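Coordinate inspection notes
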Amino acid sequence: MRKKTTIPEILQMKRDARKIAVLTAYDYPTARLIDAGGVDAILVGDSAGVVFSGHENTLPVTMDEMLYHVKAVVRAKPKALVIADMPFMSCQCGEEPALKNCGRMLQEGGAEAVKIEGGLNMAPIIRAVAVMDIPVMGHVGLTPQSVHRMGGYRVQGRQNQADRILEDARAVQEAGAFAVVLEGIPAGLAERITASLDIPTIGIGAGPGCDGQVLVIHDILGLCEKYSPKFVKRYADLGPLITEAAGQYVSEVRGGIFPTEEHSFS
Ligand code: KIV
């Protein structure tokens, strides 16, 4: 019988050189299905704002929306560790509101950890939260909440920026994070950061040298046609299957083929 994944287990996985597999989920059925697939952690990402709610970026996502998604995922009772992403401005206004908002994710949402975007700039906030025994995952490199500063979703840490990203990752570790997401950085830099940290690195668009990987569930299932970044691998193409099933239903209803006696009560 599979045991519940805990924070110490995630840390042990790095020491044992066992790769950590993480996927996002935003709802109960998806959390159940990916947990059955054996993921080590489920990230309830604020990517929900884009792939679930249809926003252009993650900035409009609110605490209440994230709590709704976290609660739905937690109801699936996954063996995977549940990590709640902290939405834009939930942690940026100081230690007190950050602590309160992160606490809500565990107390009301039932998550087991939170994820906070930012490096050196967010280290004091990460420290204040982690010291209160709210496990924090960091997130450095291409941080989607910084889309306007970056001028779009561009690879970070190229040329003279590389040391800055390494510093960010170190600051996050020193502040007490148990793991850090490395997003959208050159594979060589991700490898260097991974080797220099004691905590696991979880890569997305950061090459194979990280301690683990994370992808957005809609991307790997072919449910989001808007764009498909280079780092995504599509493991299934469910979009056309759903459209085809809906089309078949429509034509059977219109043609009087569905429902039959089999689907009716006497
Ligand atoms: O919001 C999210 O899903 C994320 C991952 C892509 C790392 O932050």
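Here the structure is a predicted model, which means the values were calculated and not measured.

**Considerations on the overall build of the protein chain**
The helix and strand inventory of the protein chain stands at 11 helices and 8 strands. Against the compact-globule benchmark of 18 Å for 266 residues, the protein chain has a radius of gyration of 20 Å, which places it among compact chains. When the backbone C-alpha atoms are referred to their principal axes, the protein chain occupies close to 65 × 40 × 40 Å. The buried share of the protein chain, reckoned over its 266 residues, is 50%. Of the roughly 13,700 Å² that the protein chain leaves accessible, carbon and sulfur atoms contribute 55%.

**Looking at the packing of helix 4 (residues 63-74) against helix 5 (residues 95-107)**
The geometry of helix 4 relative to helix 5 is characterised by a closest axis approach of 10 Å and an angle of 25° between their N-to-C directions. In terms of orientation, helix 4 and helix 5 fall into the roughly parallel class. Read as a crossing pair, helix 4 and helix 5 show a hand that is right-handed. Listed contacts from helix 5 to Met 63, Asp 64, Met 66, Leu 67 and Val 70 of helix 4 are Asn 101, Arg 104 and Met 105.

**Details of the nonpolar core**
Counting 79 residues, the largest nonpolar core has Met 105, Val 114, Ile 116, Val 129, Phe 178, Leu 182 and Ile 193 as the members making the most contacts within it. A total of 6 residues in this core trace back to one element, the largest contributor, which is helix 8 (residues 162-174). In contact with Ile 193, not counting residues within four places along its chain, are Ile 165, Leu 166, Ala 169, Leu 182, Ile 185 and Thr 201.

**What to know about the layout of surface pockets**
Considering only enclosed or pocket space, the largest pocket measures out at about 750 Å³ in volume. Around the largest pocket sit 38 residues that line it, and Pro 144, Glu 183, Ile 204, Tyr 227 and Phe 231 are the ones nearest its centre. Looking at the lining of the largest pocket, the elements with two or more residues in it are helix 3 (48-51), strand 4 (113-117) and strand 6 (179-183). Residue classes in the lining of the largest pocket are distributed as 18 nonpolar, 9 polar and 11 charged. If you trace the second largest pocket, you find 20 residues lining it, with Gly 118, Asn 121, Thr 143, Ser 146 and Arg 149 closest to the centre. Only strand 5 (136-141), helix 7 (147-150) and helix 8 provide two or more residues apiece to the lining of the second largest pocket. Of the residues forming the lining of the second largest pocket, the biggest block, 3 residues, is contributed by helix 8. Here the residues of the lining of the second largest pocket sort into 5 nonpolar, 11 polar and 4 charged.

**Brief notes about the pattern of salt bridges**
Under the definition given, this model contains 11 salt bridges. Residues Glu 112 and Lys 4 are paired through a salt bridge, measuring 3.0 Å at the closest nitrogen-oxygen approach. Of the two residues, Glu 112 is situated in the loop between helix 5 and strand 4 and Lys 4 in the segment before helix 1 (7-15); the sequence distance between them amounts to 108 residues. Looking at Glu 112, the relative accessible area reads 27%, which means it is partly exposed. Among the ionic pairs, Glu 108 bridges to Arg 104, the shortest N-O distance being 2.8 Å. With relative accessibility at 37%, the residue Glu 108 sits in the partly exposed group.

Calculation notes
- For every chain, the first residue of its written sequence is number 1, and the numbers climb from 1 along that sequence.
- Local features in this predicted model are restricted to residues of pLDDT 70 or higher, and side-chain atom pairs are both shown and tallied only at a pLDDT of 80 or more, whereas totals for entire chains, interfaces and linings draw on every residue.
- Side-chain measures here rest on the full set of heavy atoms in the structure, leaving out hydrogens and waters.
- Secondary structure counts use DSSP, requiring at least four H or I residues in a row for a helix and at least two E residues in a row for a strand, with both numbered from the N terminus.
- With the radius of gyration taken over C-alpha atoms, the globule rule is written as 2.2 Å times the number of residues to the power 0.38.
- Categorising residues by exposure relies on relative accessible area from a 1.4 Å probe, with only protein chains included: less than 20% of the type maximum marks a residue as buried, more than 50% marks it as exposed, and the intermediate range marks it as partly exposed.
- Residue exposure ignores everything except the shown protein chains as possible cover, and the areas themselves are Shrake-Rupley values with a 1.4 Å probe.
- For helices, the fitted axis covers only the stretch in contact; all axes are lines through C-alpha atoms, and the angles between them, taken along N-to-C directions, range from 0 to 180 degrees.
- Each angle gets one of four labels, with under 35 degrees taken as roughly parallel, over 145 as roughly antiparallel, 65 to 115 as roughly perpendicular, and the rest as oblique.
- We call a crossing left-handed when the near helix sits turned anticlockwise from the far one by less than a right angle, and right-handed when that turn is clockwise.
- By the convention used here, residues are in contact when the closest approach between their heavy atoms is within 4.5 Å.
- Joining through side-chain atoms within 4.5 Å is the link that ties buried Ala, Val, Leu, Ile, Met, Phe, Trp, Tyr and Cys residues into a set, and such a set is a nonpolar core.
- Using a grid of 1 Å spacing that covers the protein atoms alone, one calls a set of points a cavity when a 1.4 Å probe fits there but cannot get out, and a pocket when the set is open and has protein on both sides within 12 Å along at least five of seven lines; lining residues are those with an atom within 4 Å of a point.
- Grid points are joined across faces, edges and corners, and a volume is the space filled by probe spheres set on the points.
- Note on residue classes: Ala, Val, Leu, Ile, Met, Phe, Trp, Tyr, Cys and Pro are nonpolar, Asp, Glu, Lys and Arg are charged, and everything else, Gly too, is polar.
- Salt bridges are defined as contacts in which a side-chain nitrogen from Lys or Arg sits within 4 Å of a carboxyl oxygen from Asp or Glu.

Interpretation in functional terms is not warranted from these geometric data alone.
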